[in-house]
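Each chain is listed here by its residues.
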Amino acid sequence: MKSRRMTRIAGVSLFTLLALPVGLVAQENHQHKAQKLQHYTITDLGTLEGGTFSQPFSINRYGLVSGSSNLTDGNQHATLWLEKLRVDIGAPGLGGPNSIAFGDNDKFQSAGEAETSTPDPNGEDFCGFGTHLTCLPFLWQDGEMIQLPTLGGNNGAANAISNRGEVAGFAENSTPDPGCPAPQVLHFEPAVWEKGAIRKLPTVGGDPDGVAYEINDNGEVAGASGTCTTFNPNFLNNLLAVHALLWENGKATDLGNLGGKTGQAGGNAAYSVNNRGEVVGSSDLPGDTTFHAFLWTRKTGMQDLGTLSGDVASNSISINDAGSVVGVSLDAKFNPRAFVWEKGVMTDLNTRIAGHSSLYLMTGCSINSRGEITGLGMTSTGEIHTYLATPTRGIATTENTSQGVISPRILSDDARNVLQQQLRFGRFVVGLMGPQ
């Protein structure tokens, strides 16, 4: 009943949001002495009742955020946030204890993965929660979680949904993959669901496995292919990403790399594609010891976006139609800082906070058409919460930015272990725990 009630309330909130003036999104121009900078107000979206951790993955144009939150019992449920609403859509879910909502669209549909109550017949732990239950892709709409089919195997996950209702993700087929380390047994392939039917996408270079991460409103899909490896909590899958890919009309294009060939550092993967066909992700550098965020366009190919000053690695996670990019930059100890990249300039999002915030912004996970950003923030007590960064209406200059700067917070070893082993940090924070 709670989920169905969310549908009705969301409709009211939608009209309220449509009536609000959109904040001015200023582009940073480093050629001028007095830079015009867009600033943001920060809202802690919190957790489900009794929870201590939440994570976001997507934000639609109206501010609907999809993700997950843990509960008092330690299980994790797919969660939707909208204004002051916080709704658990993982109960009853598909009958199992854990679920995550990875994507949403402007029609207030969501997609993700959910465990069932059935043990996996091969003993796999596809969702990575340690339960070894069957894990299935889902579409959530009208207050109901709908199970999506696989490619003949037992498991799958839906990572994104377009405004046309097409869903992108990956699913197992029925063929064992001898290259997979236990407990993974079967091959998994990139896939798209349309009107409930599934079709697989091709990989490149003879890669046996792949994942689709994002789909735009033109049906273009961003993702990666590679080989099966040990489950990586930074990606929530078993893929060693060797090739960053863009699928158009079912055909895969290898987007290249920044010099790294093996995927051993952070991997070569495309995570987001906007409606202009611009793609962002991360790619290993020569020597495959670190990775950088990239922007790929048909005109320029793959461009290295670099890192924030003093950092050694980065990952671009989301791009909107205006070309603004958000992601994470990491220092040598893999302490994260959320960044926003606009017009060739990468900026620490923590330096763009208007006034004061109780959260240190660790990652930028998604940016919508209004310039609103969601990601992972750390509280003063070390908890990880979902945040919403809303553009302010006014434009600030460099003279008054210091009041909003938050001192970086260093992850303790205990915090790393909790995030990695218990809180399921999520596929978009690649490299946050360091190389696996």
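Because the structure is predicted, anything quoted here is derived from the model rather than measured.

Cut-offs used in this document
- Residues numbered from 1 in each chain as written.
- Predicted model: local features only at pLDDT ≥ 70, side-chain atom pairs only at ≥ 80, totals over all residues.
- Heavy atoms only, no water.
- Helix = DSSP H or I, 4+ residues; strand = E, 2+ residues; numbered from the N terminus.
- Buried < 20%, exposed > 50% of the residue type's maximum accessible area, 1.4 Å probe, protein only.
- Contact = heavy atoms within 4.5 Å.
- Polar contact = N/O pair within 3.5 Å; in protein donor to acceptor, adjacent residues only side chain to side chain.
- pLDDT = per-residue confidence, 0-100.
- Salt bridge = Lys/Arg side-chain N within 4 Å of Asp/Glu carboxyl O.
- Pairing = 2+ DSSP bridges.
- Axes fitted to C-alpha atoms, helices over the stretch in contact; angles between N-to-C directions.
- Disulfide = S-S within 2.5 Å.
- Phe/Tyr/Trp six-rings, centres within 6.5 Å; stacked < 30°, edge-to-face > 60°.

1. A word on the environment of Asp348
Position of Asp348 relative to the elements: it lies in strand 26 (residues 345–348). Asp348 sits in the buried class, given a relative accessible area of 11%. For the pair Asp348 and Leu308, spaced 40 residues apart in sequence, the C-alpha to C-alpha distance is 6.9 Å. Sequence-distant contacts of Asp348, defined by excluding residues within four places in its chain, comprise Leu308, Arg337 and Ala338. Within the local environment of Asp348, its side chain forms a polar contact with the side chain of Arg337, the two groups lying 3.4 Å apart. A distance of 2.9 Å separates a polar side-chain atom of Asp348 from the backbone nitrogen of Asn350.

2. Side note on the side chain of Glu166
Relative to the assigned elements, Glu166 resides in the loop between strand 11 (156–161) and strand 12 (167–176). Apart from the residues within four sequence positions on either side, Glu166 is in contact with Ala160, Ile161, Trp193, Glu194, Ile215 and Gly219.

3. Let's talk about the confidence of the model for the protein chain
On average, residues of the protein chain score 85 in pLDDT, and 81% of them are at 70 or above. Confidence drops under a pLDDT of 50 for residues 1–34, and excluding neighbours within four residues, the segment shows 65 contacts in the predicted structure. Here residues 414–436 is a poorly scored stretch, pLDDT under 50, and it has 81 contacts once near neighbours within four places are set aside; other chains count.

4. Digging into the pattern of salt bridges
Any two side chains of opposite charge can pair if their charged atoms end up close together. In this structure the tally under the stated criterion is eight salt bridges. Among the salt bridges present, the one from Arg298 reaches Glu220, with a minimum N-O distance of 2.8 Å. Of this pair, Arg298 sits in the loop between strand 21 (291–297) and strand 22 (301–306) while Glu220 sits in the loop between strand 15 (209–215) and strand 16 (221–232), and the two are 78 residues apart along the sequence. Judged by its relative accessible area of 11%, Glu220 falls in the buried class. With a shortest N-O distance of 3.0 Å, Asp311 and Arg337 are connected by a salt bridge. With Asp311 in the loop between strand 22 and strand 23 (313–319) and Arg337 in strand 25 (residues 336–342), the pair connects residues that are 26 residues apart, well separated along the chain.

5. Let's talk about the sheet that holds strand 19 (residues 269–273)
The strand order across the open sheet formed by four strands is 19-20-21-22, and the pairing between neighbours is antiparallel. Because the sheet does not close on itself, it has two edges, and the strands there are strand 19 and strand 22. Each adjacent strand pair in this sheet contributes to an overall mean axis angle of 30°, direction not counted. For strand 19 and strand 20 (residues 279–284), the ladder comprises four bridges, and the chain directions are antiparallel. Bridge assignment links Ser272 to a residue of strand 20, and that residue is Val280.

6. Section: the side chain of Arg352
Relative to the helices and strands, Arg352 resides in the loop between strand 26 and strand 27 (360–361). Classification of Arg352 as buried rests on a relative accessible area of 1%. At 3.1 Å, the side chain of Arg352 and the backbone oxygen of Gln38 are in polar contact.

7. Regarding the state of the cysteines
By definition, a disulfide is the covalent link that joins the sulfur atoms of two cysteine residues. Scanning all chains against the criterion turns up two disulfides. Covalent S-S linkage joins Cys127 and Cys135, the inter-sulfur distance amounting to 1.9 Å. The S-S bond linking Cys127 to Cys135 shows a torsion near 60°; that makes this disulfide right-handed. Among the residues examined, Cys127 registers a relative accessible area of 1% and is labelled buried. What pairs with Cys180 in a disulfide is Cys228, and their sulfur atoms sit 2.0 Å apart. On the sign convention where negative means left-handed, the S-S torsion of about 115° between Cys180 and Cys228 marks this disulfide as right-handed. One end of the pair, Cys180, is in the loop between strand 12 and strand 13 (186–194); the other, Cys228, is in strand 16, and 48 residues separate them in sequence. Just as Cys180 is buried, Cys228 falls in that class too. Cysteine pairing for the protein chain (bonded cysteines numbered in sequence order): 1-2, 3-4.

8. Brief notes about unusual backbone geometry
A cis amide bond links Ala91 with the next residue in sequence, Pro92, at an omega value of 0°. By the element assignment, Pro92 lies in the loop between strand 6 (85–88) and strand 7 (99–104). Put simply, Ala182 and Pro183 share a cis peptide bond, and its omega is 10°. In this fold, Pro183 is placed in the loop between strand 12 and strand 13. A positive phi angle, close to 55°, is found at Lys195, a residue other than glycine. Residues other than glycine seldom take positive phi values, yet Asn249 does so here, at roughly 55°. With respect to the helices, strands and loops of the structure, Asn249 is situated in the loop between strand 17 (237–248) and strand 18 (251–254).

9. As for the pairing of strand 10 (residues 144–147)
Relative to strand 10, strand 9 (residues 133–141) runs antiparallel, the two sharing four bridges. Looking across to strand 10, one finds that Leu139 is bridged to Ile146. What sits between the antiparallel neighbours strand 9 and strand 10 is a turn of two residues, in which Asp142 has the positive phi angle 55°.

10. Some points on the packing of aromatic side chains
Tallied over the full model, the rule gives five aromatic pairs. When the centroid spacing of 5.4 Å and the interplanar angle of 35° are considered together, the rings of Phe126 and Phe170 count as tilted. Residue Phe126 is found in the loop between strand 8 (110–119) and strand 9, and its partner Phe170 is found in strand 12; the two are separated by 44 residues along the sequence. Just as Phe126 is buried, Phe170 falls in that class too. Exposure remark for Phe170: the relative accessible area of 3% places this residue in the buried category. A connected cluster of aromatic rings, assembled from ring pairs, spans Phe126, Phe170 and Phe188.

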